[in-house]
There are 2 protein chains.
Amino acid sequence: MTLDPGRNLRIDAARLWDTLMETARFGGTPKGGICRLAASEEDRQVRGWFREACGALGLSVTVDGVGNMFARREGRRPGLPPILIGSHLDTQPTGGKFDGVLGVLAALEAMRTLVAAGYETNAPVEIVNWTDEEGSRFSPAMMGSGVFAGVFTPEEALGTKDREGVTLGAALDGIGYRGQAAVGGRALSGYLELHIEQGPILEREEREIGVVQGVQAMRWYDARFTGLDAHTGATPMAGRRNALIGAARFALAVDAIANEHAPDAVATVGTLDVRPNSRNVVPGEALATVDARHPDDATLDAMEAEIEAAARAIAKELSLALDFARIWLQPAVRFDPVLIGCVREAAKANGFSARDITSGAGHDAAYVARLAPSTMVFVPCAGGVSHNEAESIRFEDAARGGQVLLDALLAFDAGL
Amino acid sequence: MTLDPGRNLRIDAARLWDTLMETARFGGTPKGGICRLAASEEDRQVRGWFREACGALGLSVTVDGVGNMFARREGRRPGLPPILIGSHLDTQPTGGKFDGVLGVLAALEAMRTLVAAGYETNAPVEIVNWTDEEGSRFSPAMMGSGVFAGVFTPEEALGTKDREGVTLGAALDGIGYRGQAAVGGRALSGYLELHIEQGPILEREEREIGVVQGVQAMRWYDARFTGLDAHTGATPMAGRRNALIGAARFALAVDAIANEHAPDAVATVGTLDVRPNSRNVVPGEALATVDARHPDDATLDAMEAEIEAAARAIAKELSLALDFARIWLQPAVRFDPVLIGCVREAAKANGFSARDITSGAGHDAAYVARLAPSTMVFVPCAGGVSHNEAESIRFEDAARGGQVLLDALLAFDAGL
């Protein structure tokens, strides 16, 4: 049994799918998505549903000081720290039904399977629902897991305000989910998170499971080009100091730099704010933001140098002032080899086609990996589309992901 | 006298400058500019000042149905239609003290000089203050002169709404300047407008007077590129459909096309609206607006074809959808040779350095030219800066412009 602990345990894929569809009504949108911002009334509703489902399984539910929820089932070796499985139940304002939610509900399904079978794990197992992974209402993202990992203090997180000036602390009080438990500061045996890929790679290559190796390094930059507003009609081309031309050339340079570091590099100008942004004024100011990522910190160092050099060269050539700054960075995260091996074996044992993959998006697992062995399981999503009401996965994707989560959990637990 | 009618008449340059500074308090801003939107309370104040100043000269002031103001002094030959001189007293929200205002107040100064000298013109002379030249509050620009010239109906103009939903008609009623007189529909002998250049050419070439030949042809386009929103981290570079990259390449293409038709062509992407304009989303949509101008309609035809072809080629190459449309055009305007000659001779007789110039900006004179012989006089402004609180001219520029306006008026009148 310990060599192939999950051989006989199968999740109930239909039950998993039903919970996905059932909870999608909390914040459900006419277009089939979910709007369930952190600490909102809709978040309260889904948290209540989750708490009740866990209680029905006999799990003890704890809420910590920033609203992270843990539903615990004891193991048979009392000294072992728990293994966490889960993700987040909050969504983007125009989010889909699966981003985060799949990870929590597949963890619930795994737990239901264990309870129904009477299977005893070595370590305690806890389902976790992290607060405010999306960062849409309260920024930055991954706030609950960030506090858990010591990246932010509870006070910093609770004092964060939404656009109406409501703090996260007040919002959690309002829905009754500012708990008594200390945030973090306890040992974990490991952390496993199932998630949709949010990219097109698995679908494009027709792979069923992504064996996640880590989370790529990410950096954000602001590049503000300043020239001179001028009348479009009365100002000859020669002598213009057009900030939009600078920003346009910079956007193309950023794209080219990422392509030069293919295939793993990505870099994007996602935001371009032009001033005065008037049809008949040569733009005197343009702010471009850059999001650059690579699995390897050293390569991202090189990309950063190239991006900054491009900005400076363009500004100089066009007689523009340049304000260039790196405003955020997250180093590359490498997941735990033992847990990665458990996921790979679980996929193989089930006959699912798999590929190693690096997460392009940030996830709670990236923070938890600072504390404990962690990894993730990816399943494909249609067209790679996410953060969109049209986000969709197939029934089979949920089934495969849930089964791999359970099997990897049990294999890891058996090795403790 | 008729051969050199203005030889002995000199405007009072100090008096002209004083009126510029005195009226600048109506809507004056801390930074030394003016915010005097059409049909606003500040517009009411300057209109009142203007009406009073004209009344003190014995002129009869008429207000037409869209608020255009005409202050008339009769001539000695009753059958002749009037010569109009003037411009507009409204400003941009962060406008300067001279755009439009100089033309009206120099016309007032010319009239004061005629009255003081007892000089009788052949034709009646009317100072005009056109309503809503700027188009900032009520769009499009040059509305009062547009109705006067039959380009818009009075009903269209009066029904135009500002951002708060107030119609121009209601706003004019509110300040007491919806007049009784019919708009347009009457003969004019000619129209002369003094204006700041709003471009850098005269200053750069150290010329004191611009002898305006016409207004260049102008066209506006919208180019909307549509791709697919995608996660910046999870979406490989290959296969992206990044609308911002399309718009950036388009902005550079528009710039290049104008440079290929140097030195008279100008073309500008002034507005770029990116969606969702989020740091970590590959932009799925980008709307670029183009303002393209050339003194010659045929060259602008060629530029238009090149601009549209560039947009289509870029969209095709990047797998973007394209929605391209010309949304506005104004044909090239050629001013009246006789009036142009009067301006050129007036500059020469005064010993002012002059150059022929085509207006890059639109002006009320472009519409009035559809009805009657028209032209303009330009004076330099510092750095070519306009539509900006920092807009400035020298005392001598106002003095020279006012003198040329008076002399050209008298020369033209003498030839009637």
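It should be emphasised that the depicted structure is a prediction, and the values quoted were computed from it without experimental measurement. (Residues numbered from 1 in each chain as written. Chains lettered and ligands numbered in written order. Predicted model: local features only at pLDDT ≥ 70, side-chain atom pairs only at ≥ 80, totals over all residues. Heavy atoms only, no water.)

Draft legend 1. Spatial organisation of the relation of the copies chain A and chain B. Its rotation angle being 180°, the transformation that places chain A on chain B also includes 0.2 Å of axial translation and leaves an RMSD of 0.2 Å. One copy is carried onto the other by what is essentially a two-fold rotation axis. Judged by C-alpha distance, alanine 248 of chain A is the residue of chain A that lies nearest the rotation axis, at 2.2 Å. Residue by residue, 100% of the interface of chain A is reproduced at the interface of chain B, so both copies engage with the same surface. (Least-squares fit on C-alpha atoms with pLDDT ≥ 70 in both. Contact = heavy atoms within 4.5 Å.)

Draft legend 2. Representation of the environment of valine 63 of chain A in the model. Residues and elements named next belong to chain A. Turning to its location among the elements, valine 63 is positioned in strand β1 (residues 60-63). According to the relative accessible area criterion, valine 63 is buried, its value standing at 12%. Sequence separation between valine 63 and glutamine 180 is 117 residues, and the spatial gap between their C-alpha atoms is 6.7 Å. Setting aside residues up to four positions removed in sequence, valine 63 forms contacts with Arg51, Asn68, Met69, Tyr177, Gly179, Gln180 and Ala181. (Helix = DSSP H or I, 4+ residues; strand = E, 2+ residues; numbered from the N terminus. Buried < 20%, exposed > 50% of the residue type's maximum accessible area, 1.4 Å probe, protein only.)

Draft legend 3. Just the sheet that holds strand β9 (residues 266-275) of chain B, in detail. Residue and element names in this part refer to chain B. The strand order across the open sheet built from four strands is β9-β11-β7-β12, with neighbouring strands paired in antiparallel fashion. The open sheet has two edge strands, β9 and β12 (321-330), and neither has a second partner. Neighbour to neighbour, the strand axes of the sheet diverge by 15° on average, direction disregarded. The pairing of strand β7 (residues 217-226) with strand β11 (residues 285-294) spans ten bridges and is antiparallel. (Pairing = 2+ DSSP bridges. Axes fitted to C-alpha atoms, helices over the stretch in contact; angles between N-to-C directions.)

Draft legend 4. Representation of the interface of chain A and chain B in the model. Listed as interface residues are 53 residues of chain A and, on the opposing side, 54 residues of chain B. Surface buried jointly by chain A and chain B totals about 4,400 Å² across both partners, of which 60% is contributed by carbon and sulfur atoms. Of all residues in chain A, the largest losses of buried area upon contact with chain B belong to His231, Met237 and Arg279 of chain A, amounting jointly to 17% of the total for that side. For the pair chain A and chain B, the number of links is two salt bridges. A salt bridge links arginine 279 of chain B to aspartate 222 of chain A; the shortest N-O distance between them is 2.6 Å. Remark: the boundary between chain A and chain B carries 16 residue pairs in polar contact (both at pLDDT 80 or more). (Buried area = accessible area lost by both parts, 1.4 Å probe. Salt bridge = Lys/Arg side-chain N within 4 Å of Asp/Glu carboxyl O. Polar contact = N/O pair within 3.5 Å; in protein donor to acceptor, adjacent residues only side chain to side chain.)

Draft legend 5. Expanded view of helix α1 (residues 13-23) of chain A. Residue and element names in this part refer to chain A. For α1, the full list of buried residues reads Ala13, Leu16, Trp17, Thr19, Leu20 and Thr23. Viewed end-on, α1 has its buried residues packed into an arc of 155°, placing them on one side of the element. Structurally, α1 contributes buried residues whose contacts are with α2 (41-56), α3 (101-117) and α12 (395-414). One side-chain oxygen of the residue at the start of α1 lies 3.2 Å from the amide nitrogen of alanine 14, identifying that residue as aspartate 12. (Arc of directions from axis to C-beta.)

Draft legend 6. Region of interest: the packing of aromatic side chains. Considering all chains together, one arrives at 20 aromatic pairs over all chains under this definition. Ring geometry for phenylalanine 70 of chain B against tryptophan 130 of chain B: centres 5.8 Å apart, planes inclined by 90°, an arrangement best described as edge-to-face. Separated by 60 residues along the polypeptide, phenylalanine 70 of chain B in strand β2 (residues 69-73) and tryptophan 130 of chain B in strand β4 (residues 125-130) bring together distant segments of the chain. Relative accessible area serves as the criterion here: at 4%, phenylalanine 70 of chain B is assigned to the buried category. A residue is classified by how much of its surface remains accessible, and tryptophan 130 of chain B, at 1% relative accessible area, is buried. On the basis of an interplanar angle of 75° and a centroid distance of 6.1 Å, the ring pair of tryptophan 130 of chain B and tyrosine 191 of chain B is categorised as edge-to-face. Residue tryptophan 130 of chain B is located in strand β4, and its partner tyrosine 191 of chain B is located in strand β5 (residues 190-196); the two are separated by 61 residues in the primary sequence. Exposure remark for tyrosine 191 of chain B: the relative accessible area of 0% places this residue in the buried category. A network of ring pairs unites the aromatic residues Phe70, Trp130, Phe148 and Tyr191 of chain A as a single cluster. (Phe/Tyr/Trp six-rings, centres within 6.5 Å; stacked < 30°, edge-to-face > 60°.)

That is the geometry; function is a separate question.
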